[in-house]
Amino acid sequence: ASADRMYDDTTTTFAQGTFGWSLEDIGMQIQDMAGSGKETTYSMGDDAPQAVFSERPHVLYNYFKQRFAQVTNPPIDPLREGVVMSLGMTLGKK
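Residues numbered from 1 in each chain as written. Predicted model: local features only at pLDDT ≥ 70, side-chain atom pairs only at ≥ 80, totals over all residues. Heavy atoms only, no water.

K.L.:
Explain the pattern of salt bridges to me, please; I cannot follow it from the model alone.
P.N.:
Side chains that carry opposite charge are capable of pairing whenever their charged atoms lie near each other. Under the criterion given, the structure shown has 1 salt bridge. Residue Arg5 is joined to Asp9 by a salt bridge in which the shortest nitrogen-to-oxygen separation is 2.8 Å. Under the relative-accessibility criterion, Arg5 is labelled partly exposed at 41%. (Salt bridge = Lys/Arg side-chain N within 4 Å of Asp/Glu carboxyl O. Buried < 20%, exposed > 50% of the residue type's maximum accessible area, 1.4 Å probe, protein only.)

K.L.:
Explain helix α2 (residues 23–36) here, please?
P.N.:
Since one α-helical turn is 3.6 residues long, residues separated by three or four positions face the same way. For α2, which comprises 14 residues, the first-to-last C-alpha distance of 19 Å matches the rise-based estimate of 20 Å (1.5 Å per residue) to within 8%. Phi for Gly37, located one or two positions after α2, is positive at around 75°. (Helix = DSSP H or I, 4+ residues; strand = E, 2+ residues; numbered from the N terminus. Expected span 1.5 Å × (residues − 1).)

K.L.:
Even after reading the chapter, I still don't get a nonpolar patch on the surface, so can you show me in this structure?
P.N.:
A surface patch of nonpolar side chains, about 630 Å² in accessible area, is lined by Val52, Phe53, Leu60, Tyr63 and Phe64. Here Leu60 is to be found in the segment after α2. Of the residues examined, Leu60 reaches a relative accessible area of 64% and is grouped as exposed. (Patch = residues over 30% accessible without salt bridge, like charges linked within 9 Å, V, L, I, M, F, W, Y side chains within 5 Å. Areas by Shrake-Rupley, 256 points an atom, 1.4 Å probe, with all protein chains shown as cover.)

Printed below as a string of structure tokens:
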């Protein structure tokens, strides 16, 4: 079966590290997608520790987080719902 492979183990491992794939990504996402032909579904929560506090190296994009947009029904109108909608940000001590 190794004769059918496109790359050797060293090249494959280097590419996986370069693109930020962990063993969890390969085991849970890649194998699942290759086996079922469907994208893996996850919850929207993010309980992973921040990359900046890790002792292990991370790929650059792990240092940046984006909050997901939560859909409300009915949609909240930011012009009329100033009490619940704010673009303000607190940085440091409150």
